[in-house]
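# Coordinate inspection notes
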Amino acid sequence: MEKLIQPEIGLIFWMTLSFVVVLYILGKFAWKPILKALSEREQNIEEALNTARKAKEEMIALKSDNERLLNEARGERDKMLKEARDTKDAIIAEAKGKAQAEANKIMASARDSINNEKMAAITELKNQVAKMSIEIAEKILRHELSQDEKQKALMENLIRDISLN
Amino acid sequence: MYCIHPVRVSSLKPILLSILFLFLSLHIFAEGGEGNKKFNAGELIGNHITDSHEWHIAGHLAIPLPVILYTPGKGLSASMYNKLEEGEMDGFKLDAKHNIIASDGSKFYDFSITKNVLSLFISILLMLWIFTSVAKSYKRREGQAPKGLQSALEPIILFVRDDVAKASIGEKKFMKYMPFLLTVFFFIWINNLMGLFPFFPGGANLTGNIAVTMTLALITLVVVAFSANKNYWMHIVAMPGVPKGILFLLTPIEILGFFLRPFVLMVRLFANITAGHIIALSFFSLIFIFGEMNVGVGYGVAVFSLAFTVFMAMLELLVAFLQAYVFTLLSAIYIGAATEEHHHNHDHPEAHVEEAAIV
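Read on for a plain summary of the structure. (Residues numbered from 1 in each chain as written. Chains lettered and ligands numbered in written order. Predicted model: local features only at pLDDT ≥ 70, side-chain atom pairs only at ≥ 80, totals over all residues. Heavy atoms only, no water.)

## Here's the deal with the sheet that holds strand E3 (residues 66–71) of chain B
All names here are of chain B. Filter applied, for reference: At least two DSSP bridges between two strands are needed for those strands to be called paired. Secondary structure is summarised from DSSP: a helix means a run of H or I of at least four residues, a strand means a run of E of at least two, and numbering begins at the N terminus for each.
Read from one edge to the other, the open sheet built from three strands follows the order E4-E3-E7, with strand pairing classed as antiparallel. If you trace the sheet from one side to the other, it starts and ends with strand E4 (75–80) and strand E7 (109–110), each paired once. Note: E3 against E4, six bridges, orientation antiparallel. Across the sheet, residue Leu69 finds its bridge partner in E4, namely Ser77.

## Comments concerning the pairing of E3(B)
Residue and element names in this part refer to chain B. For clarity, the threshold we go by: Each residue is assigned to one of three classes by its accessible area relative to the maximum for its type, calculated with a 1.4 Å probe on protein chains only: buried under 20%, partly exposed between the two thresholds, exposed over 50%.
Alternating positions in E3 separate cleanly, Val67, Leu69 and Thr71 being buried on one face and Pro66, Ile68 and Tyr70 remaining unburied on the opposite face. Relative to E7, E3 runs antiparallel, the two being bridged by two bridges. What sits directly across from Leu69, in E7, is Asp110.

## Describing the nonpolar core
Residue and element names in this part refer to chain B. The following threshold applies: For the purposes of this section, nonpolar cores are sets of buried Ala, Val, Leu, Ile, Met, Phe, Trp, Tyr and Cys residues that join through side-chain atoms within 4.5 Å.
Counting residues in hydrophobic clusters, the biggest one holds 84 residues, and the most contacted among them are Phe131, Phe186 and Phe187. Per-element tally for this core: the top contributor is helix H6 (residues 174–196), with 14 residues. Counting nine residues, the second-largest nonpolar core is a separate cluster that includes Val67, Leu69, Tyr81 and Leu84.

## Some points on a positive patch on the surface
What counts, and what does not: Surface patches are drawn from residues lacking salt bridges whose relative accessible area is over 30%; two like charges belong together within 9 Å, two nonpolar side chains (Val, Leu, Ile, Met, Phe, Trp, Tyr) within 5 Å. All accessible areas in this document rest on Shrake-Rupley with a 1.4 Å probe, and a residue is counted as covered only by the protein chains that are shown. Any Lys or Arg side-chain nitrogen found within 4 Å of a carboxyl oxygen on Asp or Glu counts as a salt bridge. Positive charges come from Lys and Arg alone, negative charges from Asp and Glu alone, with His and the N- and C-terminal ends not counted. Taken as the charge location is NZ of Lys, CZ of Arg, CG of Asp or CD of Glu.
On the surface, a cluster of positive charge is made up of A:Lys28, A:Lys32, A:Lys36, B:Lys136, B:Lys139, B:Arg140 and B:Lys147. Elements with a contribution of two residues or more to the positive patch: helix H1 (9–145) of chain A together with helix H4 (115–140) of chain B. Within the element layout of this structure, A:Lys36 appears in helix H1. For A:Lys36, a relative accessible area of 52% puts it in the exposed group.

Written out as structure tokens, the structure is:
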């Protein structure tokens, strides 16, 4: 049994040789490519995850951007509509004002011309009445003066008036 | 994470084969045991867990292995073990205990391809085949999900990388030591598993051999010694912030500790694996010991022994992984301690207690 704890030189020799050889060969042809492939794969996974996260963030940003743009557009539209409505109101109001002024002007001139016509008519009527009155008076006088005594009476009256003056 | 499925599936085969083997061998023993030499459990176990110049397959069938001997001044001499069994060869012969001795009593070194060396070569070829093919599938299936053997081993490689190397050595330097740690881990694990497999090419007690664990521990020591920075050596030779009087006491302890760590690595692996083999074989031997008394008793004991052997096989599968993990983890911790950058307010006593707890 003492053989059990006596290291034998032959086995140490072969073991050292074999281990160094296997370490060299595996180190060069197995562990290096395996570890490289593993770390490359891990890197790829990490990159893919990062890209996915970035894409998600971008999408969220894009979405909020879109929303903002939409809101802006909506605001713009509302503004434009309001402006249009205002312009329309202004135009209508202006037109109304102008129409009112024109109407007033026409009315005023109509009233003037009516007044003028009226005055003219009144004057003519007056003239007509005066003329007719003169004619009537002439006729009456003629009829009155066709009788002598009456002519005399008138003369006397006229003379009386003159003497009184 | 610990790749339970492949282990569980592969563990069934050796167990089923063990059951078959058990009943076959019991018959052989019952027939041939009469009048022949008595069954010696100690010898059986001793022969199994130590090295040998032949590989025993079954019954009287054994593969003789090449014997390579070096005598200083005389040079190398090589032959096959069965030639030596027949008689003297090249000035070497076998003594009564079947040990090789030189006829003239001169000193020589045994560089033979023993059972353990052959097992070592087989396991190494297996490792080279497994991991170069896995590496190839990483190249072939670049950027794709792992498949087959690649997907079975990837979690373990990642486990060694993330939970052993990165955790113990640190983010910056661990990559340099990954080839060493992965090789150590898989070397120990595969050889542990091969040791559990009862037939050729398994069954050698390679990782339970002190020469093998010593070599592994020495390689770790060399790696630590070559990667240690000034800070680490300073901590061993003259721990900063410690009074001079205490340094006389502390420095020898630290120097001893430097060698004790790999020594503990060596003993732990050796003892765990050898103990596992001894226990498993002891249960087997029970059957033969009782079978020698009475064949019926032998069968009766076989049921219990078998249950225990199956239980032990399960436990040994866990131990196989665990010891590979522990050896690799502690190697990584030693490397981590040796390459650690200087910290000003580092709490030394606590760090040492922590380390001692792991040991």
